[in-house]
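As a plain string of letters, each chain reads:
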Amino acid sequence: MEFHILHTLFIVFLTAGVFGDVSDGQLTFVSELSSKPPQKLSRYGWYGNVRLQRFVIPEDVAVARWLFSVTRGNGFHCGQHNVTIYVRWGAPPVINPVGSTFPNLTLWSHALSLTLPVTLHSSTTFNLSDPAPGDWYLAAHLPRDDGRIEHKGFPSCSYFFQPQLSIRRAVDTPTLQKDTPLTQSSTKDKPARLKLFVPEFVSSVSVLVTGCSWGEGPDNGDCSLVLKLGSTSLRQGSMTVNCSAIGCAATLSAPPWNTWIRVVVESLHDNRTTVFSITANYTVGCKPKSVGLAGDDYIRRLHGNGTNATSPGNSSLAGEVVARANASFSGCVWSVPVLQEELDVLSLRFTPVNGPNVSVTHTHPTLLSYPLHTQSSGGTLNLLLALNTTNMTLGNSSSVIACLSPWAPVLNLNHSLPCRTALFSGYALHVNSSVPKAVMRLPFPQSATWYLTLQLSCNGTDCGNVSVVSVVTEVYVSACVEDCGTYGECRLLRSYSYLYAACVCKAGWSGWGCTDSSSAQSYGRQVTAALLLTLSNLLFLPPIVVAVRRGYITEASVYLFTMFFSTFYHACDQPGVAVMCIMDYDTLQYCDFLGSVSSIWVTILCMARVRDTLKYTLFMLGTLLIAMSMQLDRRGLWNMLGPILCAVLAMVSAWVYRGVRRRQCYPPSWQRWVLFLVPGTLCALVGVCLYVFAETEDNYYYTHSLWHVLVASSVVFLLPPQQRDREPCGGGRGWGWTRGWSWSWSPRVCGYTLCQSSKEELYTVT
């Protein structure tokens, strides 16, 4: 279930809730509550450590209040930490808490951030009046990661973040119609709330307040009101106009298309009800030429010329597009139809139907639209403009100006006017003969319809011989910026049903696209780390030799398995470019973890000196259980601790049994204790302490290498000597090892065994 909703609807007349009395007299408000389950916070290392939550605010919401609660779990010496919370409308917040650099040509804006100090339980509220309808995203994380590697299962400080949202929504908001006045009343604590729908291709919207009256007397016509147009989206606020004595008017140039605009009229005086008349009007400035209802030439073009239409270097098609534009243009804007192709998750491509070459003139703007839905806001919007100079040459004083803006286009383009609409800012680009290519990337673009406006700008009114130029436009949505480069990996993340992507960097690189090399590891350090982590596994050769010399062939096979897969796992696990993978990474990791725990298991059972039948049964049974537990959770604490404790318990039980039976300490030799058992145990304990408590991201390559050395050394010390009454391997079967590394074969003939004399090399029948 995505989130828990407590949907309570009730009419508010005289009661004051958490927001006070906001019923506005003539309006009916309902209350809606939504809550998310608590999520465990993490220290920030990359965007995957952020806990992202999404709330949906409907239309006509007057007040929204978030309650942010952070609870600390049980831990040791947790201290006090600050939890950072980000709020953004329309897309997940783009954050940079560590101050790293962004990739070149990547634009982003700061999101609203809140800091919440946490001791045991803390909470804070965030109120927002007249919030913009749509998706609102919250992101929370702990301070920057200190680099310490925490192993799963050990006690650690845990913090849980839970957001809750309560809104008050008007169910009967009056609608302003074009050129239709409405009579409304407003007080300071009960403002008048209305809404106005803006259709497509509207160039301006105006709202007029007149006919104010609040009582009898000479000041009866005083319009002491505040007129607000638009909603609060944190990045862009609403337009506010203070009304004078005779009234006021507010005008929005380039308002957002195909959406509702909120209109709020507030009174400036206490204990006064002002009655006024309000009128709305809008102007349709530019409309493209209608294609009619019977046209299907675009479908034929997609099926017939799909290959040629998508070729950027097709000069004949560019000439065709220019000719078509000059012949069929009618109006003040040329709208180019765009094909939208959904290729994969967070992979969307937009292509002009007539081909990538788009004709641009100086007389009217060229308009392309790119609808981005909620599913695309978790990726990166990429825009590429390239001037096609195959058939024409642009003068030095001329350039093509481009403006990419959400919700509404900017149809008046020149160098003096900014690239922005009435309520939202856009992003400006330009190409010319000296800079024929321009690139822009927007991580986490807002879910809206984006408009790209292109127009040729000349030095003066005359553009000379060049009146139409061709520009190659490439717009697409990708998961990450440049696929995170060489030192990063693009990972798909999920918050309930919402998908988004982020880069996880390696080898010390950082930043949104893993392009910040301020703390990057050098190539020499990467090679050194790879050599240390791989070659340190060769220290398992002495345990293998000792095990074979003492007749422990099964144990030696396990050590060989561990050495092989640990070597190639660490060769594949390197964060930089010094990487070698002989098979799938997950397979190497699984075999490394399985071999490590199995080596500890067989070593301790070998020290128990139990009968071979029981020992090999425990070997097989324990290895199968270890394999199962590694498949369930290979990084769990008890997956390693459980086999160790069971093996130690079996060893201690066997030693106690022998000691009681023989009436002496076992092992009986003090040399065995002083020269082998104590040094081996110390090596194992020091290695475990390094592995659990001392490893960090910075020192991993030498602390983990030291762990390999200590574990291998402990096996050399702890392996027991060969039993004196021990049969050679396969002694009853005719196969076995003898001293001096020679292989002996004793065949059985008719129930008799042929024995070989090591001195005379003669065979006798016994």
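Computed from a predicted model, the values in this text were never measured in an experiment.

Visitor: Would you take a moment to explain the overall build of the protein for this structure?
Guide: Along the protein, the regular secondary structure elements total 11 helices and 37 strands. Burial status across the protein gives 47% buried among its 766 residues. Sequence separation of at least 24 residues holds for 75% of the intrachain contacts in the protein that already meet a minimum separation of 6. In the form shown here, the protein has an accessible surface area of approximately 37,800 Å², with 57% of it arising from carbon and sulfur atoms.

Visitor: Hey, could you run me through empty space enclosed by the protein in this one?
Guide: Where empty space is left becomes clear once a probe the size of a water molecule has been rolled over the atoms. Tallied over the full model, the rule gives three cavities of 30 Å³ or more. Estimated volume of the largest cavity: approximately 130 Å³. The wall of the largest cavity is formed by 16 residues, among which D60, V61, L194, K195 and R262 lie closest to the centre. Those elements that provide at least two residues to the lining of the largest cavity are β6 (61–72), β13 (192–198) and β18 (259–267). In terms of residue class, the lining of the largest cavity is built from eight nonpolar, two polar and six charged. What the second largest cavity holds in volume is close to 40 Å³. With three residues, the single largest contributor to the lining of the second largest cavity is strand β32 (residues 498–505). Tallied by class, residues from the lining of the second largest cavity come to nine nonpolar, two polar and no charged.

Visitor: Is there a simple way to explain the state of the cysteines in this structure?
Guide: Structurally, a disulfide amounts to a covalent bond that connects the sulfur atoms of two cysteines. Applying the stated criterion to the full structure yields seven disulfides. Residue C403 pairs covalently with C419 via a disulfide, S to S 1.8 Å. The chirality of the disulfide connecting C403 with C419 is right-handed, given an S-S dihedral of about 80°. Here the residue C403 occupies a position in strand β26 (residues 399–406), and C419 occupies one in the loop between β26 and β27 (427–432), the gap between them amounting to 16 residues. Of the two residues, C403 and C419, neither departs from the other in class, the shared state being buried.

Visitor: Got a minute to help me understand unusual backbone geometry in this structure?
Guide: If a residue is not glycine, its phi is most likely negative; likewise, a peptide bond is most likely trans. Note the cis peptide between Y666 and P667, where omega equals -5°. Tracing the sequence through the fold places P667 in the loop between α9 (637–662) and α10 (670–694). Even without a glycine there, the phi angle at D179 is positive, about 55°. Residues other than glycine seldom take positive phi values, yet D483 does so here, at roughly 55°. Examined against the element boundaries, D483 turns out to sit in the loop between β30 (468–478) and β31 (488–495). The exposure class of D483 is exposed, given its relative accessible area of 55%.

Visitor: I would appreciate a short explanation of the side chain of Q526 in the present structure.
Guide: Its location among the elements puts Q526 in helix α4 (residues 523–535). With residues near it in sequence (within four places) discarded, Q526 still touches Y487, A507, Q521, Q574, G576, V577 and A578.

Visitor: Honestly, the sheet that holds strand β15 (residues 225–229) in this entry has me stumped. Any pointers?
Guide: The strands making up a sheet are joined through hydrogen bonds of the backbone, oriented either antiparallel or parallel. The strand order β13-β18-β15-β16 describes an open sheet built from four strands, whose pairing is antiparallel. Strands at the two margins of the open sheet, each flanked by one partner only, are β13 and β16 (239–242). Each strand axis lies, on average, 20° off the axis of its neighbour in the sheet, ignoring direction. Sheet topology note: the β13/β18 ladder contains seven bridges and is antiparallel. By the bridge assignment for β18, R193 is matched with V264.

Visitor: I would appreciate a short explanation of the packing of aromatic side chains in the present structure.
Guide: What describes a pair of aromatic rings is the distance from one ring centre to the other and the angle between the planes of the rings. Inspection of every chain in the model, using the stated rule, returns 31 aromatic pairs. Considering the side-chain rings of Y47 and W512, the 5.4 Å spacing of their centres and the 75° angle between planes classify their relative orientation as edge-to-face. One end of the pair, Y47, is in the loop between β4 (43–44) and β5 (51–57); the other, W512, is in the loop between β32 and α4, with 465 residues separating them in the sequence. When its relative accessible area of 12% is taken as the criterion, W512 is described as buried. Considering the side-chain rings of W89 and F424, the 6.0 Å spacing of their centres and the 25° angle between planes classify their relative orientation as stacked. Of this pair, W89 sits in strand β7 (residues 81–89) while F424 sits in the loop between β26 and β27; the two residues are 335 residues apart in sequence, bridging distant segments of the chain. Comparing W89 with F424 shows no difference in burial state: the two are buried.

Visitor: What should I look at first to understand the sheet that holds strand β24 (residues 366–371) in this one?
Guide: Taken together, five strands build an open sheet; the order of strands is β20-β24-β29-β26-β27 and the sheet is mixed. Either end of the sheet is taken by a strand with one partner, and the two such strands are β20 (334–335) and β27. The pairing of β20 with β24 spans two bridges and is classified as parallel. Within the sheet, the bridge partner assigned to W334 lies in β24 and is T366.

Visitor: Please clarify how the packing of helix α7 (residues 585–608) against helix α8 (residues 612–632) should be interpreted in this entry.
Guide: A pair of packed helices is captured by two measures, namely the crossing angle of their axes and the spacing between those axes. The geometry of α7 relative to α8 is characterised by a closest axis approach of 10 Å and an angle of 150° between their N-to-C directions. Taken together, the axis directions place α7 and α8 in an arrangement best described as roughly antiparallel. The two elements α7 and α8 cross, and the hand of that crossing is right-handed. In this structure, α7 uses Y590, F593, L594, V597, S598, W601, V602, L605 and C606 to contact α8, whose residues at the interface are K615, L618, F619, G622, T623, I626, A627, M630 and Q631.

Visitor: Explain the confidence of the model for the protein here, please?
Guide: Note that predicted coordinates carrying low pLDDT should not be read in detail. The predicted model of the protein has a mean per-residue pLDDT of 83, with 83% of residues at 70 or higher. For the stretch residues 1–25, pLDDT sits under 50, and the model shows 54 contacts to residues farther than four places along the chain or on other chains. Confidence drops under a pLDDT of 50 for residues 304–330, and excluding neighbours within four residues, the segment shows 44 contacts in the predicted structure.

Rules behind the numbers
Residues numbered from 1 in each chain as written. Predicted model: local features only at pLDDT ≥ 70, side-chain atom pairs only at ≥ 80, totals over all residues. Heavy atoms only, no water. Helix = DSSP H or I, 4+ residues; strand = E, 2+ residues; numbered from the N terminus. Buried < 20%, exposed > 50% of the residue type's maximum accessible area, 1.4 Å probe, protein only. Contact = heavy atoms within 4.5 Å. Areas by Shrake-Rupley, 256 points an atom, 1.4 Å probe, with all protein chains shown as cover. 1 Å grid on protein atoms, 1.4 Å probe; cavity = no way out; pocket = protein on both sides within 12 Å on 5 of 7 lines; lining within 4 Å. Points joined across faces, edges and corners; volume = space filled by probe spheres on them. Nonpolar A, V, L, I, M, F, W, Y, C, P; charged D, E, K, R; others polar. Disulfide = S-S within 2.5 Å. Pairing = 2+ DSSP bridges. Axes fitted to C-alpha atoms, helices over the stretch in contact; angles between N-to-C directions. Phe/Tyr/Trp six-rings, centres within 6.5 Å; stacked < 30°, edge-to-face > 60°. Parallel < 35°, antiparallel > 145°, perpendicular 65-115°, else oblique. Left-handed = near helix turned anticlockwise from the far one by under 90°. pLDDT = per-residue confidence, 0-100.

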